[in-house]
Amino acid sequence: MSFDVSDIKKDFPLLSCEENNDSLIYLDSAATSQKPQKVIDVVSSYYEEINANVHRGAYRLAEKATTAMEDAREKISDFIKSERSEEIIFTKNATESMNLVAKSWGAANLGEGDVVLLSSLEHHANIVPWHQLAESQGIEVRWIPLTESGLLDLTDLDRLLEGVKLVAVSGASNVLGTVPPVRTLADAAHAVGALCLVDASQYVPHRPTDVEELGCDFLAFTGHKMCGPTGIGVLWGRSELLEQMPPFLGGGEMILDVTQEGFTANTIPWKFEAGTPPISEIVGLGAAVDYLESVGMENVLEHERTLTTYALHTLADRFGDELIIHGPHDVSVRGGVLSMAYQDIHPHDVSQVLDDHGVCVRAGHHCAKPLMKLLGVGSTVRASLYLYNDESDVDALADALEATGKFFSR
Amino acid sequence: MSGLEDLYREIILDHYRNPRNQGELEVPPAVMAEGFNPLCGDEVKVHIQVDDGVIVDIKFDGQGCSISQSSASMMTTAITGKTLEEVEGIIYSFKQLMSIHEKSLEGGSETVDSSTTGLGDLQALQGVVKFPVRIKCATLGWNTLEQCFEELDEN
C-alpha cells in the first residue's frame, strides 16, 4: 500500500473515536463517506469567522466569504483538470446536476424521436430525468446491454447510436463496481454528433479525474461521497455548451437584470446558481479536495485496487459458491463496490446480523431497479471500500457473514 | 433474549421457510393489491376473496426478507374465515403491537394480549420494534391488505 491506512483512519473522528475505533466497521461509503476533522473544522470555522452572504456584500466580511467560496470553485476545477472554473456549477447533489442537464440542455435541444442512450448500470438519477423528457418531449430512452460479467456490451454500439443525441453513462457503477470505458463512449458519441454526460458520483471520489482525458461534455458528482459535506454537488460542463443553455432555476444571483417585463441571465457559472448558494458546504468541499490532494488520488486508487483484490480473494476463499459477488472480478475494470448474494438469506436479514457485529453495509436496490431486474434479484447486500478501509475491515465483514450463515442455519 | 434472537424467533423463521397460503386467486372475483417496502427490497402481493363480509380465502406472494414474508404469512392464517369487522380489529391490534416503544418492552409493562386480539403467532413479531427500520418490513403485507379493502370499496 502506498500510504498508511491506520494514519488515515485517525483523520476521521467518527471512525477513530474510542466508542467506534474497534467496533464500527464502515463499509457504506458508496452511500456516503465519512469526513476528516479538517473538513469539519473548515465548515465550523466558516460560521465562526467569515460567514456572510456572497457576491453582493460591500463589507470586508462579505469579501472574505466570497473569496472563500470562489477559491473553493478554483480548487474543484483544478481537481478534475477543468481549464476554466466558470465550468464548475454548484448544485445540491449529483441528482440535481443531472436534472439540470436534462431540464436545461435536454428540454432546449431534444425533441420527438431523439434518442438518449443510457447504460443498463445507471442509477435512477441518470434514468428518471430522461423518462421525464420522454413524457414531456417524446424522446426515446435506449439502453446499452451488459455482458454476463457486468461490463458494457458494446458489440452493437454503432446500431445503438442511431439517432442518439446524448450518451449518458456512469463513471463507475454503484452496484457492480464496473468502470465503463467512458473515453470510448464519448468519442463514439461525438462521431455521430451526440454529447456525452458522465455520472461520476462513484468515480471522482475514488480515482484521479481529468475531464479532458475522459472526453465527456458534462460531468456530475457530489461532495458527500468524497469526504465533503452533504448538500453540495457539482456539474462540470463545457463552457460553449453552458453558455448556450437556458437557465435552470430562476431567482436572485442568476440574473443580470430583472424588470416587470422580463429578465436577462447572468454569465456562467452564476447563470445556473440561483439564490444564496450552500456557502459553508462549498467551502467544506474545497477542504475535502485539499484533504484528498494531500493523500493523492493515485494513492487512493492504488489502495482501493489492492484492497478490492484482497476482498475478492478473501470472500471467495472463505465462502466459495455460497457467496455471489456480482459484477466483474478484474480490478482493472471495477472499483471497490461489492454487491453480494449470500446463500439464500435476504439482504435485509444479512445486513441485520452484520449490524449486530458492527458492520455497516447497505441492503436494497441501491436506486438501480432496472439493473436489479437484469440481475434477477430484488435487492443485494452492498459493501463499499474507501481510503479509510483496510484488510481488518474486510476480515470483519467475512467474520460477520460467517456468523450470519450460522445464525440462519439454526 | 438478545436483540437478534428476539427479532428472529423460531415461529418467524418457520413462516419464512414454510409460508402459509402462498399463491394467487383468480381476479375477479378476488381482489388483488401489490405493495413495495420503502426500505427497498421487499414486495408483497395479496389476493383476497370476500363473500358476505367474510374473508373466505386469502393468498399472498412476493419476494422479500424473513420479516416481511413471515408477517404476511402469519397475517393470512390470522384472518382466514374472519369477518371484515374482526379483521379490522386484528389489523388495529397488530399496528398497536408495532408501535409499542422498545423501552417499555424490556420492562414488560406494555404488551398486547394475544388471546383477546386474535394476534396468535403474530405476537412473535413484537421484537421488531427494537429495530425500527424493520417495522416497515413487518407492516408491508398489512398495508397491502388494506389496499385490497380499498379495491373492494371501489367495486
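Residues numbered from 1 in each chain as written. Chains lettered and ligands numbered in written order. Predicted model: local features only at pLDDT ≥ 70, side-chain atom pairs only at ≥ 80, totals over all residues.

Points about the environment of Leu 375 of chain A
Thought 1: For Leu 375 of chain A, the location among the structural elements is in helix H14 (residues 369–375).
Thought 2: The spacing of Leu 375 of chain A and His 357 of chain A is 18 residues in sequence and 28 Å in space, taken between C-alpha atoms. (Helix = DSSP H or I, 4+ residues; strand = E, 2+ residues; numbered from the N terminus.)

Remarks on the confidence of the model for chain B
Interpreting fine coordinate detail is not advised for predicted regions of low pLDDT.
Thought 1: Residue-level pLDDT values for chain B average 88, and 88% of them are 70 or greater.
Thought 2: Among the prediction metrics, the complex's ipTM stands at 0.87, with pTM recorded as 0.94. (pLDDT = per-residue confidence, 0-100.)

Some thoughts on the domain arrangement of chain A
Where interface size is quoted, it is often the accessible area lost as the parts come together.
Residues and elements named next belong to chain A.
Thought 1: With domains assigned, chain A is organised as domain 1 (5–30 + 296–407) and domain 2 (41–294).
Thought 2: A straight line from the C-alpha centre of domain 1 to that of domain 2 covers 28 Å.
Thought 3: Listed by partner, the interface residues are 23 residues for domain 1 and 23 residues for domain 2.
Thought 4: Of all the secondary-structure elements, those providing two or more residues to the side of domain 1 that touches domain 2 are helix H12 (297–319), strand E12 (337–342) and H14.
Thought 5: No other element matches the 5 residues that H12 contributes to the side of domain 1 that touches domain 2. (Domains from an automatic or database assignment. Contact = placed C-beta atoms within 7 Å.)

Thoughts on the sheet that holds strand E2 (residues 43–51) of chain B
Residue and element names in this part refer to chain B.
Thought 1: What the 3 strands build is an open sheet, ordered E1-E2-E3; its pairing is antiparallel. One side of each edge strand has no neighbouring strand; the edge strands of this open sheet are strand E1 (31–36) and strand E3 (54–63). Averaged over all pairs of adjacent strands, the angle between strand axes in this sheet comes to 20°, irrespective of strand direction.
Thought 2: Judged from the 9 bridges that link them, E2 and E3 form a sheet pairing that is antiparallel. Across the sheet, residue Lys 45 finds its bridge partner in E3, namely Asp 61.
Thought 3: Sheet strands in contact with helix H3 (residues 66–79) are E2 and E3, and its direction is about 170° off that of E3. (Pairing = 2+ DSSP bridges. Axes fitted to C-alpha atoms, helices over the stretch in contact; angles between N-to-C directions.)

Observations concerning the sheet that holds strand E14 (residues 362–364) of chain A
Residue and element names in this part refer to chain A.
Thought 1: The strand order across the open sheet built from 4 strands is E11-E12-E15-E14, with neighbouring strands paired in antiparallel fashion. Of all strands in the sheet, those bounded by a partner on one side alone are strand E11 (323–325) and E14. This sheet shows a mean twist of 30° between the axes of neighbouring strands, independent of strand direction.
Thought 2: Summarising the sheet, E12 and strand E15 (residues 380–384) pair through 4 bridges and their orientation is antiparallel. Bridge pairing links Leu 338 to Ala 383 in E15.

Here we look at the nonpolar core
Thought 1: Cys 216 and Leu 219 of chain A are the most contacted members of the largest nonpolar core, which totals 123 residues.
Thought 2: The element that contributes the greatest number of residues to this core is helix H11 (residues 279–295) of chain A, accounting for 9 residues.
Thought 3: Summarising the domain contributions, this core has at least three residues from each of domain 1 (5–30 + 296–407) and domain 2 (41–294) of chain A.
Thought 4: Each residue touching Cys 216 of chain A, except ones within four places of it in the same chain, is listed here: Val 182, Ala 186, Cys 196, Leu 197, Val 198 and Val 211 of chain A.
Thought 5: Core analysis: the next-biggest nonpolar cluster, separate from the first, contains 38 residues, Tyr 8, Ile 55, Leu 119 and Leu 140 of chain B among them. (Core = buried A, V, L, I, M, F, W, Y, C linked by C-beta atoms within 7 Å. Buried ≥ 20, exposed ≤ 12 C-beta atoms within 10 Å, placed from the backbone.)

Concerning the pairing of strand E9 (residues 255–258) of chain A
Residue and element names in this part refer to chain A.
Thought 1: In terms of strand pairing, E9 meets strand E10 (residues 263–265) through 3 bridges, oriented antiparallel. From the neighbouring strand, Asp 257 faces E10, where its bridge partner is Thr 264.
Thought 2: Taking the residues that link successive antiparallel strands as the turn, the E9-E10 hairpin has 4 residues.

Brief notes about helix H5 (residues 94–109) of chain A
Residue and element names in this part refer to chain A.
Thought 1: Counted at 1.5 Å a residue, the expected span for H5 with its 16 residues is 22 Å, and the 21 Å between its end C-alpha atoms agrees.
Thought 2: Within the span of H5, buried status applies to Ala 94, Thr 95, Ser 97, Met 98, Asn 99, Leu 100, Val 101, Ala 102, Ser 104, Trp 105 and Gly 106.
Thought 3: Buried residues in H5 make contact with strand E2 (88–91), helix H6 (128–137), strand E6 (195–199), strand E7 (218–222), strand E8 (233–237) and helix H10 (239–244). (Expected span 1.5 Å × (residues − 1).)

Topic: unusual backbone geometry
Thought 1: For the bond from Ile 268 of chain A to Pro 269 of chain A, the omega torsion is 0°, close enough to zero to count as cis.
Thought 2: Within the fold, Pro 269 of chain A resides in the loop between E10 and H11.
Thought 3: Residue Pro 29 of chain B is reached from Pro 28 of chain B by a cis peptide bond, and omega for that bond is 15°.
Thought 4: Summarising the element assignment, Pro 29 of chain B is placed in the loop between helix H2 (10–17) and E1.
Thought 5: Located in the positive-phi region is His 366 of chain A, a residue other than glycine, with phi close to 55°.
Thought 6: Summarising the element assignment, His 366 of chain A is placed in the loop between E14 and H14.
Thought 7: Residue His 366 of chain A is classed as buried on the basis of its 25 C-beta neighbours within 10 Å.

Notes on the environment of Gly 89 of chain B
Thought 1: Here Gly 89 of chain B shows up in helix H4 (residues 84–98).
Thought 2: Separated by 30 residues in the primary sequence, Gly 89 of chain B and Leu 119 of chain B have C-alpha atoms spaced 9.7 Å apart.

So, the interface of chain B and chain A
Thought 1: Chain B puts 12 residues into the contact, and the matching count from chain A is 13 residues.
Thought 2: For the side of chain B that touches chain A, the class distribution of residues is 6 nonpolar, 5 polar and 1 charged. (Nonpolar A, V, L, I, M, F, W, Y, C, P; charged D, E, K, R; others polar.)

Remarks on H2 of chain B
All names here are of chain B.
Thought 1: Restricting attention to buried positions, one finds in H2 the residues Ile 12, His 15 and Tyr 16. Seen along its axis, H2 keeps its buried residues to an arc of 105°; they face one direction.
Thought 2: Where the residues of H2 are buried, they touch H3. (Arc of directions from axis to C-beta.)

What to know about the packing of helix H4 (residues 60–79) of chain A against H11 of chain A
All names here are of chain A.
Thought 1: Packing of H4 against H11 leaves a shortest axis separation of 8 Å and a crossing angle of 45°. Considered as vectors, H4 and H11 are oriented oblique to each other. Once H4 is placed against H11, the crossing between them reads as left-handed. Residues Ala 65, Ala 68, Met 69, Asp 71, Ala 72, Lys 75, Ile 76 and Phe 79 of H4 pack against Ile 279, Ile 282, Val 283, Leu 285, Gly 286, Val 289 and Asp 290 of H11.
Thought 2: Residues of the contact of H4 with H11, tallied by class, amount to 11 nonpolar, 1 polar and 3 charged. (Parallel < 35°, antiparallel > 145°, perpendicular 65-115°, else oblique. Left-handed = near helix turned anticlockwise from the far one by under 90°.)

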